[in-house]
Amino acid sequence: MSPTPSLEPDMPPPSDPPGGTRTPQVSYRQARPLAGAVFEVGGLSVFYGDHEAVRDVNLSIGHRQITAMIGPSGCGKSTVLRCFNRMNDLIPHARVAGKIHYHSEDLYGREVDPIEVRRRIGMVFQKPNPFPKSIYDNIAYGPRVGGFKGNLDDLVEETLTHAALWDEVKDKLKTSALALSGGQQQRLCIARTIAVQPEVILMDEPCSALDPIATAKIEDLMEKLAEEFTIIVVTHNMQQAARVSHRTAFFTADVDDKGERHGRLIEYDETSRIFSNPSDNRTEDYISGRFG
Amino acid sequence: MSVPQQRPRSASGSPGFLKRSQPRYGEKVIKVLLVAAALVSVLTTVGIVIALVPPTSDFFGEVGLGEFLTGTEWSALFNPPEFGVLPLVGATLLITLIALVVAVPLGLGAAIYLSEYASSRTRTVFKPVLEVLAGIPTVVYGFFALKAITPFLRDNWWFDQPPQIFNALSAGFVMGIMIIPTVASLSEDAMAAVPHALRDGAFALGSSRMQVSTRVVFPAALSGIVAAVVLGISRAIGETMIVAIAAGLRPQLSWNPLEGMQTMTAFIAAAGIGDVPVGSTGYKTIFAVGSLLFVMTLVMNLISIRLVRKYREVYE
């Protein structure tokens, strides 16, 4: 993963060294107990056609905590992430088996409306994908399609302030979001997500297309947002997982005798344990850089 | 099996060893042929415009521009001749409008269905079938209008006055059917080209499929969609056979689609295959009407380019 050239103009030097070069923190974030979990996942498998891409995943996601999902490419962590807001529904031939309960409601129950699900469980993607509309309209999009009745101007300002973007964009709300730098675009996408006032934010490698400075800003934002939102983040960047998350799930892929890869959850624990004293050798090998 | 041995090229040599070792005439020939191919269409267009100019200017030497553009009577080939082009322009506009009322909703609807709703299997079957519609000769559409649509309308008319045998409504309706594939196919291409990441973003914010289609995909594909509609309008304005057969050849200024009327193209066709003496005023009339048609299409294209620049959402 090579950082893209800096896209962030007029940036004051960051107070602490940027993302990739920060020394690993010794103090990990303290995970709270998992009582009253937001998600309960049991025996989750995901199929693409006949291929079982992810097999038998069990985990619980804590309320207002950051859960990181790490692992080598092709281990199914993004696939699992996309189960939480039913984005896999949009992929033809994708099928989900097992249980995902959201506040003890079966997320894949017969009467569950995926649109309703996605308004409560937002998502930020790997590559910033702002709509080719103005900054204002990007934020206003979600509330508008959701039938928001209040004052949109206020909501836009509030949301952008919340996402620490207001000062940078307040004078150009009507200009195209595509004129922003990559890091600003990604923060706009986060802002767009919280404008719908979800409970959970899913992030699929949100920093992988960004330079270290933009990455650091997103990480700061994530920490701030975790006070109000439950965040699940898929990342390739182990330092990022160590820095921001309370709990970490480590995935890897088994190759069966037919040569097919099946993603598996190997270990799920408090981040401090995963990075200091993992119980599985594969986790240890991965975080110490021996494979993956 | 032995690997064929290739002797390494010598890295050094006499001065100028990097010069081309063989002349490549083929490259030049190909380039000339390709330029010629590109020029043919440009030169043809220029040639048509040039050919239109002298008879048109001759015509306006004999008939005033004001009389031509504002007159409401058209009987160019009869005695006494009247050269008011408005009846022809009006008929062209009315029939084109009817065609658009049919083609734009149906064409865009089909495009949105194919691009956003249909499974890939449905799409691969549906789209070629749709495009076959575009391959039906327009004379067939013309007779379909005259022999199927018009009788149907006349037999099942709910209001007072049934349409005449030749009428603008049938012609416009069938013309609309004719341009649906153009509008649908090109619009679908434009919508399919919108990046999937935008749809994902919209779905993740809790949009329904219709909201994704109309609020994200449609605006992002607008320039392509407008281009599709403009191409459809151009085909409608220039369409001759359907209107000549189904709308009749009687020039009259009327906005009643139930009446017969003659469009600009129908006049050109009728006069062109008639026995108008070369060089007569009637003959020059053909070119004058042709020039006006050309100008109208051109202006429409310019306007649509402006509109697209103003409203499209550039996604890359």
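Residues numbered from 1 in each chain as written. Chains lettered and ligands numbered in written order. Predicted model: local features only at pLDDT ≥ 70, side-chain atom pairs only at ≥ 80, totals over all residues.

Going by what an unreviewed UniProt entry lists, chain B is known as Phosphate transport system permease protein and is assigned to Streptomyces mesophilus. Entered under Sequence similarities (unreviewed entry) in the UniProt record, the comment concerning chain B runs "Belongs to the binding-protein-dependent transport system permease family. CysTW subfamily." Its UniProt record gives chain B a comment under Function (unreviewed entry), which states: "Part of the binding-protein-dependent transport system for phosphate; probably responsible for the translocation of the substrate across the membrane." (UniProt positions renumbered as here; feature names shortened; annotations may be inferred.)

A. View of the overall build of chain A. Counting its regular elements, chain A contains ten helices and ten strands. Counting all 292 residues of chain A, 47% fall into the buried class. (Helix = DSSP H or I, 4+ residues; strand = E, 2+ residues; numbered from the N terminus. Buried ≥ 20, exposed ≤ 12 C-beta atoms within 10 Å, placed from the backbone.)

B. Representation of the interface of chain B and chain A in the model. On the side of chain A, 21 residues touch chain B, which itself brings 18 residues to the contact. Listed by contribution, the elements that provide at least two residues to the side of chain B that touches chain A are helix 7 (196-204) and helix 8 (209-220) of chain B. It is helix 7 of chain B that provides the largest number of residues to the side of chain B that touches chain A, a total of six residues. Looking at side-chain class alone, the side of chain B that touches chain A contains nine nonpolar, six polar and three charged residues. (Contact = placed C-beta atoms within 7 Å. Nonpolar A, V, L, I, M, F, W, Y, C, P; charged D, E, K, R; others polar.)

C. Just the environment of Phe251 of chain A, in detail. Residue and element names in this part refer to chain A. Counting through the fold element by element, Phe251 comes out in strand 9 (residues 247-255). For Phe251 and Ala53, which are 198 residues apart along the polypeptide, the C-alpha to C-alpha distance reads 12 Å. With near-sequence residues (within four places) excluded, Phe251 lies in contact with Met69, Gly71, Cys75, Gly76, Lys77, Gly263, Arg264, Leu265 and Ile266.

D. Broad picture of the nonpolar core. Ile95, Ala171, Val174, Val183, Ile242, Ala246 and Ala247 of chain B are the most contacted members of the largest nonpolar core, which has 152 residues in total. Element by element, the count of residues in this core is highest for helix 6 (residues 168-192) of chain B, at 15 residues. (Core = buried A, V, L, I, M, F, W, Y, C linked by C-beta atoms within 7 Å.)

E. Structural detail: helix 12 (residues 281-311) of chain B. Residue and element names in this part refer to chain B. Over its 31 residues, helix 12 runs 45 Å from end to end, which matches the ideal 45 Å to within 8%, given 1.5 Å per residue. Within helix 12 the residues assigned to the buried category are Lys284, Thr285, Ile286, Ala288, Val289, Gly290 and Leu293. Where helix 12 is buried, its residues meet helix 1 (25-62), helix 2 (65-70), helix 3 (86-117) and helix 11 (264-273). (Expected span 1.5 Å × (residues − 1).)

F. Focus on unusual backbone geometry. Residues and elements named next belong to chain A. Positive phi values are uncommon outside glycine, yet Ser104 reaches one of about 55°. By secondary structure assignment, the location of Ser104 is in the loop between strand 4 (94-102) and strand 5 (105-106). By C-beta crowding, Ser104 is classed as exposed, having 7 other C-beta atoms within 10 Å. The phi dihedral of Ala164 falls on the positive side, at around 55°, and the residue is not glycine. What makes Ala164 partly exposed here is the crowd of 17 C-beta atoms within 10 Å.

G. Seen up close, the packing of helix 6 of chain B against helix 9 (residues 222-238) of chain B. Residues and elements named next belong to chain B. It is at 8 Å that the axes of helix 6 and helix 9 come closest, and there the two elements cross at 160°. Our classification of the angle between helix 6 and helix 9 gives roughly antiparallel. Classified by chirality, the crossing of helix 9 by helix 6 is right-handed. Along the contact surface, helix 6 presents Met175, Ile179, Thr182, Val183, Leu186, Ser187, Asp189 and Ala190, while helix 9 presents Gly224, Ile225, Ala227, Ala228, Val229, Leu231, Gly232, Arg235 and Ala236. Taken together, the residues of the contact of helix 6 with helix 9 sort by class into eleven nonpolar, four polar and two charged. (Axes fitted to C-alpha atoms, helices over the stretch in contact; angles between N-to-C directions. Parallel < 35°, antiparallel > 145°, perpendicular 65-115°, else oblique. Left-handed = near helix turned anticlockwise from the far one by under 90°.)

H. Fine view of the environment of Ile274 of chain A. All names here are of chain A. If you trace the backbone, Ile274 turns up in helix 9 (residues 271-276). Considered as a pair, Ile274 and Ala249 are 25 residues apart in the sequence and their alpha carbons are 8.3 Å apart. Residue contacts for Ile274: discarding those within four places in its chain leaves Thr248, Phe250, Glu267, Asp269 and Thr283.

I. Here's a closer look at the confidence of the model for chain A. Predicted confidence across chain A gives a mean pLDDT of 88, with 90% of residues reaching 70 or more. Across residues 1-25 of chain A, where pLDDT falls below 50, the model places 42 contacts with residues more than four positions away in sequence or in other chains. (pLDDT = per-residue confidence, 0-100.)

J. Representation of the UniProt feature "domain: ABC transmembrane type-1" (unreviewed entry) in chain B within the structure. When the UniProt feature table is mapped onto this chain, "domain: ABC transmembrane type-1" (unreviewed entry) is found at residues 89-304 of chain B. Secondary structure content for residues 89-304 of chain B is 76% helix and 0% strand, while the C-alpha to C-alpha distance between its ends is 20 Å.

K. The pairing of strand 4 of chain A, seen in detail. Residue and element names in this part refer to chain A. Here strand 1 (residues 39-48) pairs with strand 4 via eight bridges, running antiparallel. Within strand 4, the residue paired with Val46 across the bridge is Val96. Here two bridges tie strand 4 to strand 5, and the two strands are oriented antiparallel to one another. Bridged to Tyr102 within strand 5 is Glu105. In textbook terms, the turn of a hairpin is the stretch between consecutive antiparallel strands, and for strand 4 and strand 5 this stretch comprises two residues, one of which, His103, has a positive phi near 50°. (Pairing = 2+ DSSP bridges.)

L. Representation of the environment of Pro55 of chain B. All names here are of chain B. Residue position: Pro55 is located in helix 1. Residue Pro55 is classed as partly exposed on the basis of its C-beta count, with 19 C-beta atoms lying within 10 Å. Sequence separation between Pro55 and Gly279 is 224 residues; the distance between their C-alpha atoms is 8.3 Å.

M. Seen up close, the pairing of strand 10 (residues 261-270) of chain A. Residue and element names in this part refer to chain A. As paired strands, strand 9 and strand 10 are joined by nine bridges and run antiparallel to one another. In the strand pairing of strand 10, Ala249 is matched with Tyr268. Between strand 9 and strand 10, which pair antiparallel in sequence order, lie five residues; one of them, Gly259, sits at a positive phi of approximately 85°.

N. Region of interest: helix 7 (residues 212-225) of chain A. Residue and element names in this part refer to chain A. An ideal rise of 1.5 Å per residue puts 20 Å on 14 residues; helix 7 measures up with 20 Å between its terminal C-alpha atoms. Buried within helix 7 we find Ala214, Thr215, Ala216, Lys217, Ile218, Glu219, Leu221, Met222 and Leu225. The elements touched by buried residues of helix 7 are strand 3 (66-70), helix 6 (182-194), strand 7 (200-204), strand 8 (230-234) and helix 8 (238-244).

O. Representation of the confidence of the model for chain B in the model. Of all residues in chain B, 96% have pLDDT values of 70 or greater, and the mean over the chain is 89. Overall fold confidence for the complex sits at a pTM of 0.82, while the interface term, ipTM, reaches 0.87.

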